[in-house]
Number of protein chains: 2
Amino acid sequence: MKNRTIDEKVPVDCKVHLRGINDTIDILGGKWKFMIIGCLTLGKKRYMDLQRMVEGIGSKMLSKELQELELNGLITRTVMVTKPITVEYELTPYAQTLKPIVDQISAWGIQHREKVIKEMTKK
Amino acid sequence: MKNRTIDEKVPVDCKVHLRGINDTIDILGGKWKFMIIGCLTLGKKRYMDLQRMVEGIGSKMLSKELQELELNGLITRTVMVTKPITVEYELTPYAQTLKPIVDQISAWGIQHREKVIKEMTKK
DNA sequence: CCGCATCCCTGAGGATACTG
DNA sequence: CAGTATCCTCAGGGATGCGG
């Protein structure tokens, strides 16, 4: 048993803070989840809509990520028994709590892009 | 050339919104970046500190992700020429703009965990 | 239109060992 | 202490095709 210097600087509230980040990333990690949420932030969407909006995503990934989001209670899946079947995805009220986060992430990306472009032209 | 119904519902500002998310995820994606930023949010940290705080990360991933963050101008790396060498990582002023995002992500994770636990015990 | 099944493959990422 | 190098794996994820 060595006399470790651990814990000297890792108070409990820090751990909670970090665990919070971890938990969120566990749920919203992956390559597309934020994008999907971002799309649904704009209103309910159909499968095709999503595939078109989330540029680059494949059918397999899309349905997989949608399932995971549904499991976590973030989106609802509604099947409309129309001619060719129709499915609508929508954020749950609970998922609305994610909107501020998604909006900020988007805003940061936008301003970051501007900053990068500015730096390139300046040089 | 088919008469596609695309674009009917994909106005430019939506695309910008989504591209913003994309850009941010490109930079902060990956398994650990948010956690690392979260740690550095608490102040400057040494390599070992980070490895200890970001539970589960390996030496290789840590240094790789740190390099990427440094490339994007989000952290600074300072070498102290001490007995056994010492290196400190710190958020750049620019990276401070990420703090609200990280904080919200953390807060959401914390409240989500509480919600899940509540639902489990309730049942 | 929705989305599962299948095949396949790249690369993220883990474990271990080694250097300055 | 702070990494780098090497090897290896396994799952994320792309492409295609089929069925309800």
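Everything here concerns the structure above.
Here's what I pulled together on the structure shown here.

Procedures and definitions
Residues numbered from 1 in each chain as written. Chains lettered and ligands numbered in written order. Predicted model: local features only at pLDDT ≥ 70, side-chain atom pairs only at ≥ 80, totals over all residues. Heavy atoms only, no water. Contact = heavy atoms within 4.5 Å. Buried area = accessible area lost by both parts, 1.4 Å probe. Salt bridge = Lys/Arg side-chain N within 4 Å of Asp/Glu carboxyl O. Polar contact = N/O pair within 3.5 Å; in protein donor to acceptor, adjacent residues only side chain to side chain. Helix = DSSP H or I, 4+ residues; strand = E, 2+ residues; numbered from the N terminus. Least-squares fit on C-alpha atoms with pLDDT ≥ 70 in both.

Another point: the interface of chain B and chain A. In this assembly, 38 residues from chain B lie in contact with 38 residues from chain A. Summed over both sides, the interface of chain B with chain A buries roughly 4,100 Å², with 69% coming from carbon and sulfur. Of all residues in chain B, Leu-18, Tyr-94 and Trp-108 of chain B bury the most surface against chain A, accounting for 17% of the area lost on that side. Counting across the interface, chain B meets chain A through 2 salt bridges. A salt bridge links Asp-23 of chain B to Arg-113 of chain A, with the shortest nitrogen-to-oxygen separation between them at 2.7 Å. Joining chain B to chain A, the criterion identifies 16 residue pairs in polar contact (both at pLDDT 80 or more). Residue assignment for the side of chain B that touches chain A shows that the elements contributing at least two residues are helix 1 (12-28), helix 2 (33-40), helix 3 (47-53) and helix 5 (99-122) of chain B.

Let's shift gears to the relation of the copies chain B and chain A. Overlaying chain B with chain A gives an RMSD of 0.0 Å, the required rotation being 180° about an axis along which the chain moves by 0.0 Å. Both chain copies can therefore be described as sitting about a two-fold axis. Nearest to the rotation axis, the C-alpha of Ile-101 of chain B is located 3.2 Å from it, this being the minimum over chain B. Both copies share a contact surface, since 100% of the interface residues of chain B are interface residues in chain A too.

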